Structures are given as C-alpha cells and as structure tokens.
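# Coordinates in review
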Amino acid sequence: MIIDVNAYLGHFAFRRLRYHTASSLLALMDSKKIDRAVVSSASAITYRDAHAGNEEVAEDVRGHRERLIPFAVINPFYAGWRDDLKICHEEFGMTGLRLYPQWHNYRLSDSCCRELVDAAAERGMVISIPIRVEDNRERSWLLNVPDVPLEEIAEMVKECPNARFILLNGAGYTGCPLGRKNNSLPNNYAIELSRLSAVLANEMGQLITTLGVERVMFGTGMPFNYPDPALVKLEVLDASEADKEKIRSQNAMNWLRL
C-alpha cells in the first residue's frame, strides 16, 4: 500500500493544475498505484476566505472517503477560524489541517497560530505545514512568498509537544535542529519526502539515521508535482524493504490513526 500525505484538490490562483478534481486525481493515483492520499484545498491558499476551499474539498471527496483523506486549511488570522475548525472537524470529518503562514499573513509564533494549534491538538487533529507551495522559480511576478523558516517550525514543535506535525515540501532539515540527533526537540513531527534527496546528499537517508525511519513519510505534492520523482526516490533509497514499507504507508497510518 502507498499513502500520499501531500496532495491537493481545487484550483491555484497563479497556475493551471491538472488532476485537480477528486475523480481526475484518483485516476492519476491509480496509474501510479497510489492507494490513498491526504488532500487539502489548493484554492484555499489564495482565497480571502480559506474556509470556502474546505467546503469545496468536503463536497468533492464525498463518495471517495475510503481513498481521499481531507485536511482543512485554516487561517488563524481570520476572526472566524474557531467556527471553521469546528465545522471542518465535526461536520466534514477532517482529521487534520494545513497552515500557510507566509500566504495568510501571520507567523507561526503569533498567539493566534498557537491557539489554533492547541485547539487542533485537543481535537486529535494532525497539523501539516508546507514549507513552500511551489518552486520559487515558477512563482508569479505578482508576489514573492518566501519559504516558512525551519527555525520557526523547530520552535513551534518544541513549544507544542502535545501536537502532531507533518512537514511538507521541505528540504535542508539536516542543516537545522529538525534533522539533527539529540536536538532536544520532542518526537512529535514527521517529514514528508517529496523534496528530499535520496542519492548524492541523500538527506532522506540521513534523516532515517538521525530521526528514525518512523519519522519519514511518502508524499508527492500532486497535482502541483508529478508523482513519479517521489516514487523513484523511494525505489533507489538504500534501505530495507521493511523500512520502505513503513515510509510507503505504515508511518502515515500510525500518525493519521487510520
């Protein structure tokens, strides 16, 4: 089984996305033998009201919940975020959320963000943080959205030990405390592999050594990215088949409590 913890539905304001509906994404998953995927709204990244994207995703995944696992996009800078969180969890059955601090004009250290993380953790929801949405070389000339600083994430996971985090679309972890052994951080975060190297610098292998294989998960970033590179990375990874199976699905199943 393969579970992708990093996938999306809906439109993106600055780029046409193929496979952006539940049916087309499932067809792509079938062609690559990916069994399940965690999805959130790509539209909500740039919507003024992010919750509208959650409503669209909830409707689109209806009838596909055995394969598509919806996550909410919540903007804690928006005054109504508590109502959004309640609706997403209790009515839409979303078991996690994604944060976009650089796109939604707040910092992970802001009190509103910490309140959201604490509220989600109380509900048992997983918090995923995409380090970036797309390659900076592809960004629109209309805006310049930097990556989420890894140092800010390290501070958050340290100050929120009861929360569970999955870090998406990131690289360079081995150069900061998040990827180092004996880093004094709780083991409440896992790292998705779509931007990690599996040969040359082999950051994936380094993270398996320092953090443990249970803290690395499979993800593609589709439909922003094609899934093939992530699949190839896992194939060429110098690891046992048992460890690869943990990365393919078992770790996600444990973290998402499937």
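Below is a short write-up of the structure.

About the thresholds
Throughout, a residue's number is its position along its own chain's written sequence, starting from 1. Totals for whole chains, interfaces and linings use all residues, but because this is a predicted model, local features are given only for residues with pLDDT of at least 70 and pairs of side-chain atoms are given and counted only at 80 or more. Side-chain calculation: all heavy atoms of the structure are included, whereas hydrogens and water are not. Salt bridge criterion: a side-chain nitrogen from Lys or Arg within 4 Å of a carboxyl oxygen from Asp or Glu. Only DSSP runs of H or I reaching four residues or more are called helices, and only runs of E reaching two or more are called strands; each is numbered from the N terminus. Each residue's exposure class comes from its accessible area (1.4 Å probe, protein chains only) as a fraction of the maximum for that residue type: buried when under 20%, exposed when over 50%, partly exposed otherwise. Pairing of aromatic side chains requires ring centres within 6.5 Å, counting the rings of Phe and Tyr and the six-membered ring of Trp. Pairs whose planes differ by under 30 degrees are stacked, by over 60 edge-to-face, and all others tilted. We call a charge positioned above a ring when the Lys NZ or Arg CZ atom is no farther than 6 Å from the ring centre and deviates by at most 35 degrees from the ring normal.

## Some remarks on the pattern of salt bridges
Within the structure shown, the criterion is met by 13 salt bridges. We note a salt bridge from Asp-30 to Arg-67, for which the minimum N-O separation is 2.8 Å. Taken together, the residues Asp-30 in helix H1 (residues 22-32) and Arg-67 in the loop between helix H2 (51-60) and strand S3 (68-70) connect sequence positions 37 residues apart. Lys-246 is the salt-bridge partner of Glu-214, the closest N and O atoms lying 3.2 Å from each other. Pair noted here: Glu-214 is in the loop between helix H7 (203-211) and strand S9 (216-217) and Lys-246 is in helix H9 (residues 241-256), with a separation of 32 residues, a long-range link. Look at Lys-246 and you get partly exposed, because its relative accessible area is 24%. Bridged by salt links that share partners, the residues Glu-235, Glu-241, Glu-245 and Arg-248 form one connected network.

## Concerning the packing of aromatic side chains
Inspection of every chain in the model, using the stated rule, returns four aromatic pairs. Both rings, one in Phe-12 and one in Phe-14, keep their centres 5.9 Å apart while their planes meet at 70 degrees; by these two values the pair is edge-to-face. Exposure remark for Phe-12: the relative accessible area of 6% places this residue in the buried category. Phe-14 gets classed as partly exposed once you look at its relative accessible area, which sits at 33%. Here a set of aromatic residues connected by ring pairs shows up, and it is made of Tyr-8, Phe-12, Phe-14, Trp-103 and Phe-224. For the cation-ring pair, Arg-215 lies above Tyr-189, with the distance from its terminal atom to the ring centre recorded as 4.4 Å.

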